[in-house]
Amino acid sequence: MERVRCCLAVLLAFLIQRCLLVQVEALGVFPLLLPSLLCLLGMAQGPDRGAVCGLFGGLLCLLAGCSPWVLALYPLVGGVSGAVFHNSRGFWGNWLRTVPVLAGMEVLLVVSHWMAGNRFAAALAVAWPELLLALACYPLAAGIGKAASLGRTRRV
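From a predicted model like this one, the values you see are computed outputs, not experimental measurements.

Participant: Please provide a residue-by-residue account of the environment of L62, values included.
Facilitator: Inspection of the secondary structure assignment puts L62 in helix α3 (residues 47-63). Separated by 52 residues in the primary sequence, L62 and V10 place their C-alpha atoms 14 Å from one another. If sequence neighbours within four positions are ignored, L62 has contacts with S67, P68, V70 and L71.

Participant: Account for helix α6 (residues 120-136), naming residues and giving values.
Facilitator: In this model α6 runs 25 Å from its N-terminal to its C-terminal C-alpha over 17 residues, within 8% of the 24 Å that 1.5 Å per residue would give. Listed in full, the buried residues belonging to α6 are A123, A127, P129, E130, L131, L133, A134 and L135. Taken together, the buried residues of α6 touch α2 (34-45), α5 (91-115) and α7 (138-147).

Participant: Requested: an account of unusual backbone geometry, with residues and values cited.
Facilitator: Even without being glycine, L27 reaches a positive phi, approximately 60°. Checked against the element boundaries, L27 lands in the loop between α1 (2-20) and α2. Given a relative accessible area of 63%, L27 falls into the exposed group.

Rules behind the numbers
- Residues numbered from 1 in each chain as written.
- Predicted model: local features only at pLDDT ≥ 70, side-chain atom pairs only at ≥ 80, totals over all residues.
- Heavy atoms only, no water.
- Helix = DSSP H or I, 4+ residues; strand = E, 2+ residues; numbered from the N terminus.
- Contact = heavy atoms within 4.5 Å.
- Expected span 1.5 Å × (residues − 1).
- Buried < 20%, exposed > 50% of the residue type's maximum accessible area, 1.4 Å probe, protein only.

Taken by themselves, the reported measurements are silent on function.
As structure tokens, this is what we get:
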């Protein structure tokens with residue numbers, strides 16, 4: 001039953017990201033909700049479930065027309081946040097733990113765009129606002145996680 005709740009939380013975050021948050025453009029980019037939720041899932045449910053939920057979110061994004069990179073990055077975000085960080089008590093403790101994971105995701109995206117032939121400065125100019133907006137979406141991700149009762153920890 002808990003797996004179903006995790007998948008429903010990812011599906012809800014995906015729908016909010018693709019239907020509502022694409023209407024909001026700030027600093028030239030759109031806010032990303034799924035990476036913050038995947039960090040929370042990884043910290044609360046462990047690396048295995050975080051990676052599986054990341055794979056599910058990546059598949060949803062891939063089917064919606066996103067880059068194939070999300071299929072590799074989202075399971076990495078969920079798994080790494082579960083393996084490295086443990087669920088802390090409190091909103092700000094979890095938020096601070098999502099910062100390095102989301103920053104690492106943006107670094108990987110910048111390097112991949114640069115290796116694909118894009119200018120490094122252009123890729124970096126997109127990464128900073130994307131990171132800031134993903135961190136700003138954390139309260140919404142925490143609300144989705146709380147609504148799905150993901151606050152209960154399950155460490156394997």
